[in-house]
Amino acid sequence: MIIASVAIYFSSASFRKEDFYNRLRNKSRSTAKLLFDARDIDANRVLKIEKDNPVNLQNEKIIILNFKNDTVYSSDENGKIEIRNDVLERVRTGYRVTYKQGSFEVLGTLYFAKLDRFVVIAAATDIEGSLHLEKLKTILTIVCLISLLLFFIAGWFYSGRALKPISDVVKKVEDISITSLNLRVFEGNGTDEIGRLAKTFNKMLERLETSFAMQKDFIANASHELRTPLTSINGQLEVLMMKDRATTEYKSALGSVLDDIKSLIYLSNRLLLIARTSAEGPVNFNKTIRIDEILWQAQEEIKRFNSDYRINISIDNSLTDSDQMIVAGDEYLLKVAVSNIIDNACKYSPDHTVDIKLQHREKWIEIVFEDRGIGISEEDLQKIFEPFYRGTNALSIPGSGIGLPLVNQIIKNHNGIIKLSSQIGKGTSVIVLLPTIS
Ligand code: ADP
């Protein structure tokens, strides 16, 4: 607005100036024509005629000088217009000279008549034009100020309206805390930027809510699992201390306490491993391990404590090179994972038998664990990787439900894949795929 106003003002000022000098030039030509071209008219008569001319400009003064600088005509009785030599010289060299003298605007032009060159100096004041210009300046200034004010009010109003959804989201988010993660921010139509932001935010809240709920469940389950053996130890020791007992009684009670302590150690170790592996996420391991060796070691360790377990390991013909069995990983964690799967397969099968097959699958090694046990129902399969979840048909067999979640986490950390398929009463097969280094 300011730039436009300034441009309007200056172009109007330049137009007024141009127009005024044109009028001055026309006036000086018509006076000179009257003086030199009309018959029987001398300077005095021209003066008289010009005095009453209705088209005279305001405060108009016309002075005409001949080649010798004698004034041949002048309507400037009071000598208000100063005639400078440099102006005369420039006019005589053919230039049109314009300049300001006080409130007068002066124009010097050359006029040819009677075989002589005359300099016509015409001067007048453009009071009307200047007044118009002043008025235009005031109008433009007022328009600019009013527009600025309107722009400010409109900008303030519209930006307030445009930003309102954001401030609504901010207000709502401020109300959301750990105890009120169920709250959601308003999504509006969900298609504009703010709607999409609110939608993304709600999705994040949903994920946070589920992970908080999972954590809560995990803590509740973990403390329950830890409390059970602790309560049992407490009870057994209290009963033991009620009176003096025979050595055999002490021995058997302490043996049972020791079992509880072992299960406590096992449980806390698993819990620590779950915490560690889930905190790490997928890892780039720099140690290489042969999967078949891990399986042989796991087989040996499990059989040491469970002599009735039958663990059959077979290597498929697709594996032609030992390099195809090498993976990058953590030996201890991988052994924990395969031992868990083997232990489950034997534990949940009446024949305590598991068939393990190693196969080559392009850049992967596939390990299939198959048993002919009690199986897992379709419903339980969906939740089997949730910590502390146990199959409905497995509750009579001792277990804690943290083995498979740990296995899942370990395989994921090794950038691997684990799949479970099962049929109730027929058996279960667990397929683990791990990326090989070859
Ligand atoms: P746990 O064996 O200590 O209960 P897991 O996390 O290892 O815990 O297993 C979770 C549940 O998955 C088990 O309670 C059982 O219901 C089911 N499950 C796992 N492996 C098998 C299997 N091979 N056959 C039948 N059910 C299984």
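This text follows the structure it describes.
Rules of the game
Residues numbered from 1 in each chain as written. Predicted model: local features only at pLDDT ≥ 70, side-chain atom pairs only at ≥ 80, totals over all residues. Heavy atoms only, no water. Pairing = 2+ DSSP bridges. Helix = DSSP H or I, 4+ residues; strand = E, 2+ residues; numbered from the N terminus. Axes fitted to C-alpha atoms, helices over the stretch in contact; angles between N-to-C directions. Contact = heavy atoms within 4.5 Å. 1 Å grid on protein atoms, 1.4 Å probe; cavity = no way out; pocket = protein on both sides within 12 Å on 5 of 7 lines; lining within 4 Å. Points joined across faces, edges and corners; volume = space filled by probe spheres on them. Nonpolar A, V, L, I, M, F, W, Y, C, P; charged D, E, K, R; others polar. Buried < 20%, exposed > 50% of the residue type's maximum accessible area, 1.4 Å probe, protein only. Near = heavy atom within 4 Å. Polar contact = N/O pair within 3.5 Å; in protein donor to acceptor, adjacent residues only side chain to side chain. Areas by Shrake-Rupley, 256 points an atom, 1.4 Å probe, with all protein chains shown as cover. Salt bridge = Lys/Arg side-chain N within 4 Å of Asp/Glu carboxyl O.

## Some words on the sheet that holds strand E7 (residues 310-315)
So, point 1. The strand order across the open sheet formed by five strands is E7-E9-E10-E12-E11, and the pairing between neighbours is mixed. With one partner strand each, in any of the chains shown, E7 and strand E11 (417-423) form the two edges of the open sheet. If you compare each strand with its neighbour and ignore which way they point, the axes differ by 15° on average.
So, point 2. Bridge count for E7 against strand E9 (residues 353-361) is six bridges, and the pairing is parallel. When the sheet's bridge partners are listed, isoleucine 311 is paired in E9 with valine 354.
So, point 3. With respect to the sheet, helix H8 (residues 331-347) is in contact with E7, E9, strand E10 (364-371) and strand E12 (427-435), its orientation differing from that of E9 by roughly 135°.

## Considering the side chain of arginine 16
So, point 1. Among the secondary structure elements, arginine 16 is positioned in helix H1 (residues 2-37).
So, point 2. Contact partners of arginine 16, with chain neighbours within four places excluded, come to Glu105, Asp126, Gly129, Ser130 and Leu133.

## Some details on the layout of surface pockets
So, point 1. Of the volumes computed, that of the second largest pocket is approximately 490 Å³.
So, point 2. Lining the second largest pocket are 17 residues, and of these Met214, Gln215, Phe218, Ile274 and Pro387 sit closest to its centre.
So, point 3. When residues of the lining of the second largest pocket are traced back to their parent elements, those giving at least two are helix H5 (193-241), helix H6 (247-280) and helix H10 (403-413).
So, point 4. A total of six residues in the lining of the second largest pocket trace back to one element, the largest contributor, which is H5.
So, point 5. Grouping the amino acids of the lining of the second largest pocket by side-chain chemistry returns eight nonpolar, six polar and three charged.

## Section: H10
So, point 1. For H10, a buried count of 10 out of 11 residues is recorded, marking the element as mostly surrounded by other parts of the structure.
So, point 2. Of all the positions in H10, only Gly403, Leu404, Pro405, Leu406, Val407, Asn408, Gln409, Ile410, Ile411 and Asn413 are classed as buried.
So, point 3. On its buried side, H10 packs onto H6, H8, E11 and E12.

## Regarding the site of the ligand
So, point 1. As a structural note, the neighbourhood of the ligand is formed by 21 residues, with Asn344, Tyr348, Arg390, Gly391 and Leu404 the closest of them.
So, point 2. A distance of 2.7 Å is found between an oxygen atom of the ligand and a side-chain nitrogen or oxygen belonging to arginine 390.
So, point 3. Contact between the ligand and glycine 391: an oxygen atom at 2.8 Å from a main-chain N or O atom of the residue.
So, point 4. Relative to its unbound accessible surface of 520 Å², the ligand loses 96% to contact with the protein.
So, point 5. In terms of residue class, the shell around the ligand is made up of 10 nonpolar, eight polar and three charged.

## Comments concerning the pattern of salt bridges
So, point 1. Tallying each qualifying case throughout the model produces 18 salt bridges.
So, point 2. Of the charged contacts, one joins glutamate 105 and arginine 16 as a salt bridge, the two residues approaching to 3.1 Å between their closest N and O atoms. Taken together, the residues glutamate 105 in strand E4 (residues 104-113) and arginine 16 in helix H1 connect sequence positions 89 residues apart. Each of the two residues, glutamate 105 as well as arginine 16, counts as buried.
So, point 3. With a shortest N-O distance of 2.7 Å, glutamate 209 and arginine 184 are connected by a salt bridge. Taken together, the positions of glutamate 209 in helix H5 and arginine 184 in the loop between helix H4 (127-175) and H5 put the pair 25 residues apart, joining distant regions of the chain.

## What about the sheet that holds strand E2 (residues 71-74)?
So, point 1. Taking strand neighbours across the sheet as the criterion, the five strands line up as E2-E1-E5-E4-E3 in an open arrangement whose pairing is antiparallel. Among the strands making up the open sheet, the edge pair consists of E2 and strand E3 (97-101). Between one strand axis and the next, the sheet turns by 20° as a mean value, whatever way the strands run.
So, point 2. With nine bridges joining them, E4 and strand E5 (residues 116-124) adopt antiparallel strand pairing. The residue of E5 that forms the bridge with alanine 113 is aspartate 116.
So, point 3. With respect to the sheet, helix H3 (residues 85-92) is in contact with strand E1 (61-65), E3, E4 and E5, its orientation differing from that of E5 by roughly 125°.

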